[in-house]
Each structure stands twice: as structure tokens, then as C-alpha cells.
Amino acid sequence: MERIEQFASPAGAAGTVTDVGTVIERMRAFRSGWPPGDGVAVFNQVYLTVTETLGRHLADGAFQDREAVSALDVRFAEHYLAAVDTAVSGGTPPACWRPLFQYRRHPGVRPLQFALAGINAHIGHDLALAVVDTCRTLDCAPADLEEEFERVGDLLVLLEEQIREDLMPGPDLLEVADPLTHLAGAWSLERAREASWSAARILWRLRAVPPLAEEFRVRMDAGTGLVGRFLLTPCR
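The paragraphs below set out a description of the structure included in this document.

Definitions and cut-offs
Chains are numbered independently. Their residues run from 1 in the order of the written sequence. Where totals are concerned, whole chains, interfaces and linings use all residues; where local detail is concerned, this predicted model gives features only for residues with pLDDT of at least 70, and gives and counts side-chain atom pairs only at 80 or more. To obtain the side-chain values, all non-hydrogen atoms of the structure were used and water was disregarded. Secondary structure elements follow DSSP: runs of H or I of four or more residues count as helices, runs of E of two or more count as strands, with numbering from the N terminus. Exposure categories follow from relative accessible area, calculated using a 1.4 Å probe and restricted to protein chains: below 20% of the type maximum is buried, above 50% is exposed, and the middle band is partly exposed. Computed with a 1.4 Å probe, the accessible areas rest on the Shrake-Rupley method; for each residue, only the protein chains presented here act as cover. Regarding the arc, it is the one traced by the directions from the helix axis to the C-beta atoms. By the convention used here, residues are in contact when the closest approach between their heavy atoms is within 4.5 Å. The term polar contact refers here to a pair of N or O atoms within 3.5 Å; inside protein, the definition further demands a hydrogen-donor-capable atom paired with an acceptor-capable atom, and it admits residues adjacent in sequence only when both atoms are side-chain atoms. Aromatic pairs are defined between Phe, Tyr and Trp rings, using the six-membered ring for Trp, whenever the two ring centres lie within 6.5 Å; interplanar angles under 30 degrees are classed as stacked, those over 60 as edge-to-face, and all others as tilted.

Moving on: the overall build of the protein chain. A tally of helices and strands in the protein chain yields 9 helices and 0 strands. With 236 residues in all, the protein chain has 53% of them scored as buried. Of the roughly 11200 Å² of accessible surface on the protein chain, a fraction of 56% belongs to carbon and sulfur atoms.

So this is what it looks like as C-alpha cells:
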């Protein structure tokens, strides 16, 4: 397997974690410190649910390569944890996360929008970086992680469907005309995940040219942030 060299800085040291259990502990700590209506708290609860489910699947032996899945999950989570740590310390998080932190207390934004904006930031930007981070950790190439990437993705899609059911208001006769229905229907986790896998492969190809890799990452970050702002358009 071909070794992947580092082309960009990893998640901040404050966001570094070592295993899935530590990820869960940190997100539970966030939950206890934020009010339920806070937009970041809404996404954090969604992510916590996903991670707890993944942890149970790891414990049950549902994944053939537990080491790869665990490493991918941890590297993935580090980017979210680092974004939170940066925002809490008064710094500027990546562009993909800024809309969620800026609008987290907006009274016109609904819980489903906060959840989708967070998922968009994490999948649209962080996931591609996490794949490369994981390859660097395990000394492998993205192709070696594709099966695990797909199996984790299948779990995310199922959970996203449940999240939409839990957070979408209704049912009522006016639901089809609700702007939230159109916003939620315009974004697809499946498409975002496919784009993220393509981005990871591109970043892998660009690993020997760090300036180009970083330029690609910055543009991916900005584009994901723009989508996040649309998802957080006030609907009431």
C-alpha cells in the first residue's frame, strides 16, 4: 500500500482524540453544557447518536475491518471537535462550520436546518480530509478504505432518514408548502458523501503538491460553507 504524505495541518491538538469512546465522552460533555435549542447542540445530538450507534456496531463486530472503521471515525470526529474548540476559544473555525456557529441562536432557523447544516459541513469538507488522515495513520491508500467508507455511509443514510422524520414538523396539510420542506429536499447526504469520496481521491492524488492540495481544500471549504448558509435560511 502506498504511503500518503501530509499535505495540510491536521485537526487542532485540543480536538485530538484517541478512540470512539473518547469522541462520545467529549460530545456528551458538549451536550451538558449547551441549551437544547442551541443550533450547534442540535447537530451535536445528531452526531452523538450516529457515533453511539457506530460504537455499538464496532462492539458487535458488524465491520470486517474494525481498526479502519474506528480510525476513520476518530479522524473524522477530530475535525468537528477542533471546530468547536476553535469557536469556543474565540478563533475562526473553517468556512464550512461558520454558518452554524453564526446562526446557532437565530429564532427563525428550525432544528432540522441546524442538523442538516452541521451534517453538510462535516460531510462536505471534513470527511474527505478524514479519509486522507486515516490513510496516513494506517499507511494505506483511499482505495483500501472504500468498503469501510461505504458501510459507514449506509449507516449514515439510514440515520439521516430518521433525523428528518424526528425533526421535520408535521404532518399537516400545509407541510408541502412549507419552505423547510423545499430546503430539506434540496440537499442529499448520499450526493454529499459521493462528492466527498471523489474529493478524498483528488486530495490523495495531490498529496505530492501541497500548495494545490491546500488550494483545493480551501475552495471545497468555501463551497460547503455557502451551501450551509442556504440551508440556514430563516423559515419562520
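Here the narrative resumes.
Of all the positions in helix α7 (residues 179-186), only Leu180, Leu183 and Ala184 are classed as buried. Each buried residue of α7 sits inside an arc of 95° when the element is viewed along its axis, so together they form one side. Among the exposed residues of α7, those oriented more than 90 degrees off its buried face are His182, Gly185 and Ala186. Each element contacted by the buried residues of α7 is listed here: α5 (111-138), α6 (146-167) and α9 (210-231).

A word on the side chain of His122. Looking at the secondary structure, you find His122 in helix α5. Judged by its relative accessible area of 3%, His122 falls in the buried class. Of note is the side chain of His122, whose polar atom sits 2.8 Å from the side chain of Asp126. Ignoring anything within four residues of it in the chain, the contact list for His122 reads Phe43, Tyr47, Phe76, Ala77, Tyr80, Trp97 and Leu127.

Here the focus is the packing of aromatic side chains. Scanning the entire structure with this criterion turns up 9 aromatic pairs. The interplanar angle of 45° and the centroid separation of 5.5 Å between the aromatic rings of Tyr80 and Trp97 together place this pair among those described as tilted. Here Tyr80, found in helix α3 (residues 66-88), pairs with Trp97, found in the loop between α3 and α4 (98-103); they are 17 residues apart in sequence, far enough to count as distant. Take Tyr80 and Trp97: they sit in the same class, and that class is buried. Taking the centre distance of 4.7 Å and the plane angle of 45° together, the rings of Phe149 and Trp197 count as tilted. Taken together, the residues Phe149 in helix α6 and Trp197 in helix α8 (residues 189-205) connect sequence positions 48 residues apart. An identical accessibility class is assigned to Phe149 and Trp197; each is buried. A connected cluster of aromatic rings, assembled from ring pairs, spans Phe30, Trp34, Phe43, Tyr47, Phe76, Tyr80 and Trp97.

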